[in-house]
Amino acid sequence: MMGVEQAIKKLDAFPRAEDHLLKKTQSGALVSIMGLFIMATLFLHELRYYLSIYMVHQMSVDLKRGETLPIHINMTFPSLPCDVLSVDAIDMSGKHEVDLDTNIWKLRLDRYGHIIGTEYLSDLVEKEHSHNHGHNKDHHDDSDHKIHLQGFDLETEKMVKKVQEAMTNGEGCRVYGVLDVQRVAGNFHISVHGLNIFVAQMIFEGKTHVNVSHMIHDLSFGPKYPGIHNPLDETVRILHQASGTFKYYIKIVPTEYRYVLKEVLLTNQFSVTEYFSPMHEFDRAWPAVYFLYDLSPITVTIREERRSFLHFITRLCAVLGGTFALTGMLDRWMYRLLEAVMKPKTRTVL
């Protein structure tokens, strides 16, 4: 047994010296304190790195079918009252998307942006506008064939006066809500197209006086996930004594976000390019803000991942072991340096 114990002791890579053979110095204490501080700092850094989540991105072909596309809108039109604004959504086949579950709200704003009233749109488009749009893409082109010889009724005259008064008071409108449209290419736009062309002419006295200045507070195509960037958020486009049509060309990328707890969030990212067309007196179309979107055939999957515990232990051993070895080397160098400096002084005293 003694032979076995001696053989095992020979394998000891960390032999112990006797206490009376150890010499403690102030430089060694200073290096030890510094080493402990460095090791504690690196340990906390490695622990935070281990507990953090990193993202893995993958791409695949989009196989979704028959699903709807949610469009979240939150915009302000500071120069147009709510009574003249309408929201319209059309897919690539020309069919109106007026979903029963669609919810759009309009908030009346004063010239300072304070809310003074609310209006709920159960339908996106007025019946007359919906009827006209079915015959022609331009909401006002076919109105030339419907000249009213009898003039306007009392209700229309009241509406015109109300809108003119609101414009005089600097009233604006905030449009927000959700559109649920078919998952195909299409567009939605916010404009004065819901008005009869003669009513619009009475209110604005010409197309060039329709100011579609707007602020996009939020525009997204699904729920948000950590780190998502919607490029149109907080976009401001203000026109001064001018008018025209804004067109935003949007490319939607279907996205799956997989949380570390295996929960899956289905949403969409998008990129956008912008085009502005100034309005002239003899243009046929009226000013509007268009959002023309198309869907990518590629799905992006973003997956949250945690680092393995073995990876954490490996890095921790490397960092702490390296720091310990480095401080040991530094202690020996400082001891030899101080010893070399102090020896000449000792000899001089003698």
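By convention here, each chain's residues receive numbers from 1 onward along its written sequence. Per-residue local features are limited, in this predicted model, to residues with pLDDT of at least 70; the limit for side-chain atom pairs, both in listing and counting, is 80 or more; totals at the level of whole chains, interfaces and linings are taken over all residues. Processing note: side-chain calculations cover all non-hydrogen atoms of the structure and skip hydrogens and water entirely.

Enquirer: Could you clarify how one ought to interpret the overall build of the chain in this entry?
Expert: Counting its secondary structure elements, the chain contains six helices and 13 strands. Only heavy atoms matter for contacts: two residues are in contact if any of them lie within 4.5 Å across the pair. Relative to all contacts within the chain whose residues are 6 or more apart in sequence, the contacts with residues 24 or more apart total 82%. The Shrake-Rupley method, run with a 1.4 Å probe, gives the accessible areas here. Residue values count only the displayed protein chains as cover. For the chain, the accessible area works out to roughly 22,000 Å², and carbon and sulfur atoms hold 60% of it. Secondary structure elements follow DSSP: runs of H or I no shorter than four residues count as helices, runs of E no shorter than two count as strands, and numbering proceeds from the N terminus.

Enquirer: Quick question: what am I supposed to make of the side chain of Glu 171 here?
Expert: Examined against the element boundaries, Glu 171 turns out to sit in the loop between α4 (154–168) and β6 (172–182). In this structure, Glu 171 is in contact with Pro 78, Ser 79, Leu 80, Pro 81, Arg 108, Leu 109, Ile 116 and Ala 166, ignoring residues within four places of it in sequence.

Enquirer: I keep staring at unusual backbone geometry and nothing clicks. Help me out?
Expert: What is expected of a backbone is that most residues other than glycine have negative phi and most peptide bonds are trans. You will see that Gln 241, though not glycine, has its phi angle at about 55°, which is positive. With respect to the secondary-structure elements, Gln 241 resides in the loop between β9 (235–237) and β10 (244–258). Burial classes follow relative accessibility: with a 1.4 Å probe on protein chains only, a residue under 20% of its type's maximum area counts as buried, one over 50% as exposed, and anything between as partly exposed. Residue Gln 241 is classed as exposed on the basis of its relative accessible area of 87%. For Lys 262, which is not glycine, the phi torsion reads 75° and is therefore positive. Mapped onto the fold, Lys 262 is located in the loop between β10 and β11 (264–278).

Enquirer: Before we go on, may I ask you to explain the confidence of the model for the chain in this structure?
Expert: Fine structural detail should not be taken from predicted coordinates in areas where pLDDT scores are low. The predictor attaches a confidence to each residue, and that confidence, scored 0 to 100, is pLDDT. Mean pLDDT over the chain works out to 80, with 81% of the residues at or above the 70 mark. Here residues 122–150 is a poorly scored stretch, pLDDT under 50, and it has 48 contacts once near neighbours within four places are set aside; other chains count.

Enquirer: So what exactly am I meant to see when it comes to the environment of Ala 89 here?
Expert: The topology assignment puts Ala 89 in strand β3 (residues 86–91). With a relative accessible area of 2%, Ala 89 lands in the buried category. Taking the C-alpha atoms as reference points, Ala 89 and Val 181, 92 residues apart in sequence, are found 7.7 Å from one another.

Enquirer: Help me understand the pattern of salt bridges, please; the structure alone is not making it clear to me.
Expert: Opposite charge on two side chains permits pairing when their charged atoms draw close. Salt bridge, as used here, is a side-chain nitrogen of Lys or Arg placed within 4 Å of a carboxyl oxygen of Asp or Glu. The final tally for this structure, using the stated rule, is 11 salt bridges. Lys 224 is the salt-bridge partner of Asp 218, the closest N and O atoms lying 3.2 Å from each other. Owing to a relative accessible area of 18%, Asp 218 belongs among the buried residues under this scheme. Residue Lys 224 is classed as partly exposed on the basis of its relative accessible area, which comes to 47%. Taking the shortest distance from any N to any O, the salt bridge between Glu 256 and Arg 258 comes out at 3.2 Å. Note on Arg 258: relative accessible area 32%, which makes it partly exposed. Within this structure, Asp 62, Lys 64, Glu 256 and Arg 258 form a network of salt bridges that share partners.

Enquirer: Would you mind showing me how to read the packing of α4 against helix α5 (residues 197–204) here?
Expert: Between two packed helices, the angle of one axis relative to the other and the distance separating the axes together describe the packing. Only the contacting stretch of a helix is used when fitting its axis, a line to C-alpha atoms as for every element, and angles between N-to-C directions run 0 to 180 degrees. Packing of α4 against α5 leaves a shortest axis separation of 9 Å and a crossing angle of 35°. Judged by the sense of rotation from one axis to the other, the crossing of α4 with α5 is right-handed. Touching Thr 156, Met 159, Val 160, Val 163, Gln 164 and Met 167 of α4 are Val 199, Met 202, Ile 203 and Phe 204, all from α5. Three classes are used: nonpolar for Ala, Val, Leu, Ile, Met, Phe, Trp, Tyr, Cys and Pro, charged for Asp, Glu, Lys and Arg, and polar for all others, with Gly counted as polar. Counted by class, the contact of α4 with α5 contains eight nonpolar, two polar and no charged residues. If you view the pair so one helix is near and one far, a crossing is left-handed when the near helix is turned anticlockwise from the far one by less than a right angle, and right-handed when it is turned clockwise.

Enquirer: Where do I start with the pairing of β11 in this structure?
Expert: Every regular strand shows the same layout, with side chains that alternate between the two sheet faces. Pairing of β10 with β11, which is carried by 15 bridges, proceeds in the antiparallel orientation. Looking across to β11, one finds that Arg 258 is bridged to Val 264. For two strands to pair, DSSP has to find at least two bridges joining them. Counting the residues between successive antiparallel strands, the hairpin from β10 to β11 contains five residues, one of them, Lys 262, with a positive phi of roughly 75°.

Enquirer: How do you make sense of the packing of aromatic side chains when you look at a structure like this?
Expert: Each aromatic ring pair is described using two quantities: the centre-to-centre distance and the angle formed by the ring planes. Two rings from Phe, Tyr or Trp (for Trp, the six-membered ring) form a pair when their centres sit within 6.5 Å of each other. Planes less than 30 degrees apart are called stacked, planes more than 60 degrees apart edge-to-face, and all others tilted. In total, this model carries 11 aromatic pairs according to the counting rule given. Seen from their ring centres, Phe 221 and Tyr 293 are 6.3 Å apart, and the 55° between their planes marks the pair as tilted. Taken together, the positions of Phe 221 in the loop between β8 (214–220) and β9 and Tyr 293 in strand β12 (residues 288–295) put the pair 72 residues apart, joining distant regions of the chain. Plain terms: the ring middles of Tyr 257 and Tyr 259 are 4.9 Å apart, the flat faces sit at 70° to each other, and that makes the pair edge-to-face. A relative accessible area of 24% means that Tyr 259 is categorised as partly exposed. Here the aromatic cluster, defined as three or more aromatic residues joined through ring pairs, consists of Phe 188, Phe 221, Tyr 248, Phe 270, Phe 291 and Tyr 293.

Enquirer: Can you walk me through the state of the cysteines in this structure?
Expert: Here, a disulfide means two cysteine sulfur atoms that sit within 2.5 Å of each other. Throughout the structure, instances matching the rule amount to one disulfide. The disulfide bridge from Cys 82 ends at Cys 173, spanning 2.1 Å between sulfur atoms. Measuring the twist about the S-S bond at about 100°, one finds the Cys 82-Cys 173 disulfide to be right-handed. Placement of Cys 82 in the loop between β2 (68–77) and β3 and of Cys 173 in strand β6 is noted, with a sequence separation of 91 residues between them. Using a relative accessible area of 0% as the deciding quantity, one classes Cys 173 as buried.

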